[in-house]
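An overview of the molecular structure
Single-letter residue listing:
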Amino acid sequence: MNSVAAIIEASQVSAPVAPQSAAPALIRASGVSKIYRMGDQTVRALDDVSLEIAKGDFVAIMGASGSGKSTMMNLIGALDRPTTGHLAIDGRDIATMSSDELADLRNGTIGFVFQQFNLLPRTPALNQVILPLLYAHPRPDDLEARAHHRLEQVGLGKRTDHLPSQLSGGQQQRVAIARALINNPKILLADEPTGALDTKTSEEIMKLFGELNAEGITVIIVTHEPDIADFARRKLVFRDGKIIDDTERAPLKAATAAKDRVL
Amino acid sequence: MTLFDSLAIAWTALRSNLLRSILTTLGIIIGVASVIILVSVGSGARVEVEKQIASLGSNMLVVFSGSSRGMGGRSAGAGTDLPIAEGDVAAIRDKVQGVIAISGQLNGSGPVVNGNTNWTTTLSGVHPDFATVRDWPVRAGRDFTPQDIRASAKVVILGQTAVKQLFQDEDPIGATIRVKSAPFQVIGVLAPKGQSAMGRDQDDVALIPMTTARGYIVGKSQVQSDQVGQLYIKFDNSTDLKDAQEQIETLLRQRRRIQPGAEDNFNVRNLAETMKARTEVLSTMTYLLAATSVISLIVGGIGIMNIMLVSVTERTREIGLRLAVGARQRDIMRQFLVEAVTLCLIGGLIGIALGVGAAAIVANAADWPVVISPAVIALAMAAAAGTGIVFGYFPARRASGLNPIEALRSE
């Protein structure tokens, strides 16, 4: 943790610095294409994309709808396989993995956060957070203790038995983030995580992501809001299935929050 | 994912749609309940018939006079033709192979009086072999002896019901009672026998020697001097009853001088066989009816499948989420299978409770024998679970085959 924190701090002080040079690539895409067939038309959702994302990075993926950003996210989330090319996550090429192996990868390496939270109805927060552990191999024994810890981490330690209907939007998203964190993932993958939240709550959620990133988790956020993307250290812009912009710099926002935590 | 997790999820899902879950299981409830009622009532009837067959006595043929075949439109009823006589008894004993016991039974009825107690019962004149032929031992006192028959002794053996009516708790052996006004000595009491196939209480009887019955009790005018009523013949275990039946028929046709081609004026029957045939018809009916309730299970199963498909559609997003957080396809498959089986087992349990209850009501109200066997209950539960697996499979497969991306995107 110290070394990761040191790297992050170093990158913040002497920004812009390419994180790839300081840490091994956690995600490596080379010549990835994704082609959908719709009737007799073929849609090239991703067109020969190559990309590396380093461990500990904080990336925002941007682009208009239809730009290929969601397709990229689905591939990084191991929910789908590329049509051609190679995509390695944590050193393993998902193109060659079975659907069970992909499920285990999603379970242990990736934490998902969604725009609509996707909490289970009529289920208390603690059980929401436990859910991924039920599918873990091997399954840990201390399910509840872990879930408690994660809920405390996102500031909901006193609301473990609340149902989604008893929580505000921001609180629901915090439960979803605790759920994403429960299995100690290397990647936190968030799809428009603030799309259903007001500005103030959005900012709080993004600060939480900044804190988690400062602790070493690689955070990837898909968004079309530049305000939200400003929290990230690296910005990838997609258009027509290609990356048209890849900027790295010190994050404009949340740096203080992250720094406070690290120091 | 453990089975317990799957059960907990299934329970939550079913409870959140309680009314729908209950309505869905109605088909299963009705199917299971009707299987239990039909099989219980059916096997109760079969057990009853088997008991009656056993009470007839085993390896036995019955001979009675008259024709019941009704050919040519004329049938005067059994017993109106030339009666079976002592000569026939002797001839059958001597000439038919395998006979170990033979006894007539000449029936009448009349009042039996012990002191102030009066009871009208069946009076049966019998031979000393009667107890052996009918597998109906004398429980207390003694049986008739050949001497009793020769001397037309005024002795009587009472059935259980007659004893209860005449003596209550007293010891009847040695007592003198009046049978049709004449004094008779009670020499024995029969073991209990139960109801006959026709529902008559066989224990309501007073047995007296054949000769006494013929000369005295039944009424001289109606009785040919050596008739024996109907004739029960018991054979040893190695005798083929079909063979024996043919031998008796041939013998009696000779003795009665019946022309070839003419009808018999007597009947030789294997009552146990007749009853067995009736039991088989009964079982066939039971299983046919049970089969129709299987149709109800199938219809119920289709209902389950329908509602599970609805459930899969409604919960597509939830399935997408589960896949995203690491559920394998077989986890999803198992979750929905467990849900369908749980639904069916709950229906099965309710159906068993209703079925057993209804069978008990039938047993009480209609006085119909009912046998509720654990095997039938186990079978009904297995059928319910099987229905869940068969009809839950397709929806579960559909759920587990969902594309996680599309599932997450669905509304």
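Residues numbered from 1 in each chain as written. Chains lettered and ligands numbered in written order. Predicted model: local features only at pLDDT ≥ 70, side-chain atom pairs only at ≥ 80, totals over all residues. Heavy atoms only, no water.

All names here are of chain A. Running from amino to carboxyl end, helix α7 (residues 169-181) crosses helix α8 (residues 199-214) at an angle of 20°, the nearest separation of the two axes being 10 Å. Considering the angle they form, α7 stands roughly parallel to α8. The interaxial crossing formed by α7 with α8 has right-handed handedness. Contacts between α7 and α8 involve G170, Q173, R174, I177 and L181 from the former and T201, E204, I205, L208, F209 and L212 from the latter. A class-by-class count of the residues in the contact of α7 with α8 yields six nonpolar, three polar and two charged. (Axes fitted to C-alpha atoms, helices over the stretch in contact; angles between N-to-C directions. Helix = DSSP H or I, 4+ residues; strand = E, 2+ residues; numbered from the N terminus. Parallel < 35°, antiparallel > 145°, perpendicular 65-115°, else oblique. Left-handed = near helix turned anticlockwise from the far one by under 90°. Contact = heavy atoms within 4.5 Å. Nonpolar A, V, L, I, M, F, W, Y, C, P; charged D, E, K, R; others polar.)

Chain A puts 22 residues into the contact, and the matching count from chain B is 22 residues. Where chain A packs against chain B, one counts three salt bridges. Note that A:R139 is salt-bridged to B:D5, the shortest N-O span being 2.3 Å. On the surface where chain A and chain B come into contact, there are eight residue pairs in polar contact (both at pLDDT 80 or more). Among the secondary structure elements, those contributing two or more residues to the side of chain A that touches chain B are α4 (99-108) and α5 (125-134) of chain A. Ranked by residue count, the leading element in the side of chain A that touches chain B is α4(A), at six residues. Residues of the side of chain A that touches chain B, tallied by class, amount to nine nonpolar, six polar and seven charged. (Salt bridge = Lys/Arg side-chain N within 4 Å of Asp/Glu carboxyl O. Polar contact = N/O pair within 3.5 Å; in protein donor to acceptor, adjacent residues only side chain to side chain.)

Right, let's get into the domain arrangement of chain B. Here chain B is described as being made up of domain 1 (3-52 + 279-409) and domain 2 (104-227). Inter-centroid distance (C-alpha atoms) of domain 1 of chain B to domain 2 of chain B is 57 Å. (Domains from an automatic or database assignment.)

Let us now look at the sheet that holds strand β7 (residues 187-191) of chain A. Residue and element names in this part refer to chain A. Sheet architecture is open: six strands sit in the order β6-β7-β8-β3-β9-β10, paired in mixed fashion. Each of the sheet's edge strands pairs with one partner strand only, and the pair in question is β6 (110-113) and β10 (242-248). Pairs of neighbouring strands in the sheet enclose a mean axial angle of 15°, with direction left out of account. This element, α8, spans β3 (58-63), β6, β7 and β8 (218-222) of the sheet and lies at about 150° to β8. (Pairing = 2+ DSSP bridges.)

All names here are of chain B. With nine bridges connecting them, strand β2 (residues 99-114) and strand β3 (residues 117-126) associate as antiparallel partners. When the bridges of β3 are listed, G108 appears paired with L123. Two successive antiparallel strands, β2 and β3, enclose a turn made up of two residues, where G115 displays a positive phi of approximately 60°. Note that β3 and strand β8 (residues 205-209) share five bridges and pair parallel. Looking across to β8, one finds that T122 is bridged to V205.

Further remarks concern the pairing of β8(A). Residue and element names in this part refer to chain A. Judged by how many residues are buried, β8 sits mostly within the fold: five of five residues are covered. Both faces of β8 are covered, namely the face carrying T218, I220 and V222 and the face carrying V219 and I221. Judged from the four bridges that link them, β3 and β8 form a sheet pairing that is parallel. In the strand pairing of β8, V59 is matched with I220. Where β7 lies against β8, five bridges are found, and the strand directions are parallel. Across the sheet, A190 pairs through a bridge with I221, a residue of β8. Each parallel crossover has a hand, and the one from β7 via α8 to β8 is right-handed. (Buried < 20%, exposed > 50% of the residue type's maximum accessible area, 1.4 Å probe, protein only. Right-handed = clockwise from strand over helix to strand, strands pointing away.)

Turning next to the packing of helix α9 (residues 271-314) of chain B against helix α12 (residues 374-400) of chain B. All names here are of chain B. Packing of α9 against α12 brings their axes to within 9 Å, and their N-to-C directions diverge by 30°. One way to sum up the angle between α9 and α12 is to call them roughly parallel. For the element pair α9 and α12, the recorded crossing hand is right-handed. For the pair formed by α9 and α12, the contact residues are L297, I298, G301, I302, M305, M308, L309 and V312 on the first element and A383, T387, F391, F394, P395, R398 and A399 on the second. Residue composition of the contact of α9 with α12, grouped by class: twelve nonpolar, two polar and one charged.

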